[in-house]
Each structure stands twice: as C-alpha cells, then as structure tokens.
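Residues per chain, in single letters:
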Amino acid sequence: MEPYVPVACQFHDRLELAVLQRLRLRLQWRDAELGLVERVVTPVDVLTRDGAEWLVFRDETGSTASVRLDRLCRVKEIPHLK
C-alpha cells in the first residue's frame, strides 16, 4: 500500500463533526486497486491506525468498514428528510 499522505485539518474536522452529528454521507474513494468506490454511509469514528487516519463507517446494509482518509476523493452530506 502507498505511504499515507496526511489530510488537511479542516477536512479531518469536517469528518469528526459528521461522526458527532451522525450525518449520512455519500463517499467516493480509491480502493487498493485504484478503482473508484461510491457508497452512502453513516460515519462512526475517525481514528489513527498503522500510522494513518481512517474513517470507520456503516454502509446501507449495516456492515462496518473503514477507508483511509487520503483515499477519499469526494464527501457529500446527504440532507435529512423532514
């Protein structure tokens, strides 16, 4: 795997806020084979592991997974329905 490239503090803070507010997000990221993956998720935690920062999330099926922050290409909040 490629060496971790730290992300901007503002981006990290935005993800932590999404965790606290339990916002639904549409994420797009590059997987290990550099293909694009897109999912609607609920972020659960932002953590440091193995010298890199990770976003832990639950997808629409309820499965928990994680993505390295420097692999994220797009993060978009999905508004709550009223």
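Given the structure is predicted, the values throughout are model-derived calculations rather than measurements. (Residues numbered from 1 in each chain as written. Predicted model: local features only at pLDDT ≥ 70, side-chain atom pairs only at ≥ 80, totals over all residues. Heavy atoms only, no water.)

Caption draft 1: Structural context of the nonpolar core. In this structure, Leu 15, Leu 25, Leu 27, Trp 29, Leu 55, Leu 69 and Leu 72 are the most contacted members of the largest nonpolar core, which totals 20 residues. The set of elements that each furnish at least two residues to this core consists of α1 (9–21), β1 (24–30), β2 (36–49), β3 (52–59) and β5 (72–78). Among all residues touching Leu 25, those that are not within four sequence positions of it are Leu 15, Ala 18, Arg 39, Val 40, Val 41, Pro 43, Val 75, Lys 76, Glu 77 and Ile 78. (Core = buried A, V, L, I, M, F, W, Y, C linked by side-chain atoms within 4.5 Å. Buried < 20%, exposed > 50% of the residue type's maximum accessible area, 1.4 Å probe, protein only. Helix = DSSP H or I, 4+ residues; strand = E, 2+ residues; numbered from the N terminus. Contact = heavy atoms within 4.5 Å.)

Caption draft 2: Here's a closer look at the pairing of strand β4 (residues 64–68). Here five bridges tie β3 to β4, and the two strands are oriented antiparallel to one another. Bridging from a neighbouring strand, Phe 57 pairs with Ala 65 of β4. (Pairing = 2+ DSSP bridges.)

Caption draft 3: A look at the sheet that holds β5. Here five strands make up an open sheet; going across it, the order is β4-β3-β2-β1-β5 and the pairing antiparallel. Because the sheet does not close on itself, it has two edges, and the strands there are β4 and β5. On average, each strand axis in the sheet is tilted by 45 degrees relative to the strand beside it, whichever way the strands run. Packed onto the sheet, α1 meets β1, β2, β3 and β5 and runs at close to 95 degrees relative to β2. (Axes fitted to C-alpha atoms, helices over the stretch in contact; angles between N-to-C directions.)

It is worth stressing that arrangement in space is one thing and function is another; only the former is reported here.
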